[in-house]
Amino acid sequence: MTLQLELTTQEHKADALSHIIQKANECFDKADQFFGNKFKRSTCNLKQRGRAAGTAHLQKNELRFNLFMYQQDPTEFINTVVPHEVAHLIVFQIYGHSVRPHGKEWQAVMRKVYGINPSRTHTFETPPQKQPYTYHCACQKHQFSKQRHTRAQKGVEYICKGCKSNLQFVGKIT
């Protein structure tokens, strides 16, 4: 039974990745046609974790996608997240590091090439934190992941975006 479940899960992952790669290639094809250029295709994987639906690793020419979020609404994910991340690579291949990640160049690619209203955020549910750690500032409590907590314990200082005070460790939520 466990082996059958693993095969089903692996088949599902492979199917999801296949759909993502197909959409990414369609996005590159649209950009090729729009710009009269042949952009370098990227690798795609399902290694993205946490709160991001996807990330574009520019120097590696790699796109990482979050399977947890894909599974919530595959159609919405394919139609919004994949073009969003491909647009980052297109902009990087044209302009390099001289532009902002969600700047006017990226927004123009989203609108003019893909016909999508550019958005920096998504509406997918994020996976629950496995080991949340509580920190506080002058105005509220904050939840840290194990990784962020470890960085804080090694001396990285985090500041609240609201009140601008340093975050202090309160304790681990069990």
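In this report, the structure presented in the accompanying data block is examined. All figures in this text were calculated on a predicted structure; none of them were measured in a lab.

Some words on the nonpolar core
- Counting residues in each nonpolar core, the largest one holds 32 residues, and the members touching the most others are I20, F65, F77, V86, I90 and Y114.
- The set of elements that each furnish at least two residues to this core consists of α1 (2-35), β3 (62-65), α2 (67-70), α3 (74-95) and α4 (104-113).
- The leading source of residues in this core is α3, at nine residues.
- The residues contacting F77, other than those within four sequence positions of it, are I20, A53, F65, N66, M69, Y70, V82 and F124.
- One finds Y133, C137, C160 and L167 within the second-largest nonpolar core, a separate group that totals eight residues.

So, the sheet that holds strand β1 (residues 43-45)
- Read from one edge of the open sheet, three strands run β1-β3-β2, paired in mixed fashion. Single-partner strands in this sheet number two, and they are β1 and β2 (54-57). Strand-to-strand twist of the sheet, defined as the mean angle between neighbouring strand axes without regard to direction, takes the value 15°.
- Bridge analysis of β2 against β3 gives four bridges, and the strand direction is antiparallel. Paired with G54 across the two strands is F65, which belongs to β3.

Some remarks on the packing of aromatic side chains
- The tally for this structure, following the rule as stated, stands at nine aromatic pairs.
- Geometrically, the ring pair formed by F35 and F39 is edge-to-face, given 5.7 Å between the ring centres and 80° between the ring planes.
- Through pairs of rings, three or more aromatic residues link up here, namely Y133, Y135, F144, Y158 and F169.
- Directly above the ring of F144 sits R148, whose terminal nitrogen or CZ lies 5.5 Å from the centroid.

Comments concerning the environment of N25
- Secondary-structure assignment places N25 in helix α1.
- Taking the C-alpha atoms as reference, N25 lies 7.3 Å from R41; in sequence the two are 16 residues apart.

Quick notes on the pattern of salt bridges
- In this structure the tally under the stated criterion is four salt bridges.
- Linking K38 and D32 is a salt bridge whose minimum nitrogen-to-oxygen distance equals 3.7 Å.
- Classification of K38 by relative accessible area gives exposed; the value is 62%.
- Judged by relative accessible area, D32 falls into the buried class, the value being 10%.
- A salt bridge links R64 to E62; the nearest nitrogen and oxygen atoms lie 3.2 Å apart.

Re the side chain of N61
- Position of N61 among the secondary structure elements: in the loop between β2 and β3.
- A relative accessible area of 9% places N61 in the buried class.
- A polar atom in the side chain of N61 sits 2.7 Å from the backbone oxygen of R41.
- Excluding residues within four positions of it along the chain, N61 makes contact with K40, R41, S42, T43, L89 and Q93.

Conventions we followed
- Each chain has its residues counted from 1, following the order in which its sequence is written.
- Side-chain atom pairs in this predicted model are given and counted only at pLDDT of 80 or more, local residue features only at pLDDT of at least 70, and totals for whole chains, interfaces and linings cover all residues.
- Calculated side-chain values reflect all of the structure's heavy atoms, with hydrogen atoms and water omitted.
- We define the nonpolar core as a collection of buried residues of types Ala, Val, Leu, Ile, Met, Phe, Trp, Tyr and Cys that are connected through side-chain atoms lying within 4.5 Å of one another.
- Here the term buried applies to any residue with accessible area under 20% of the maximum for its type, exposed to any over 50%, and partly exposed to those in between, with areas from a 1.4 Å probe on protein chains only.
- Helix and strand labels come from DSSP, where a helix needs a run of H or I of at least four residues and a strand needs a run of E of at least two; each type is numbered from the N terminus.
- Contact definition: two residues touch when any of their heavy atoms are within 4.5 Å.
- Criterion used throughout: strands pair if DSSP finds at least two bridges between them.
- Axes, fitted as lines to C-alpha atoms, cover a helix only where it is in contact. Angles between the N-to-C directions of the axes lie from 0 to 180 degrees.
- Any pair of Phe, Tyr and Trp rings, taking the six-membered ring for Trp, is counted once the centres come within 6.5 Å. Such a pair is stacked with planes under 30 degrees apart, edge-to-face with planes over 60 apart, and tilted for the rest.
- Each ring is checked for a lysine NZ or an arginine CZ that lies within 6 Å of its centre and within 35 degrees of its normal; such an atom marks a charge sitting over the ring.
- What makes a salt bridge here is a side-chain nitrogen of Lys or Arg within 4 Å of a carboxyl oxygen of Asp or Glu, nothing more.
- Think of a polar contact as two N or O atoms within 3.5 Å of one another; within protein, one of them needs to be a possible hydrogen donor and the other a possible acceptor, and neighboring residues in sequence only count if both atoms come from side chains.

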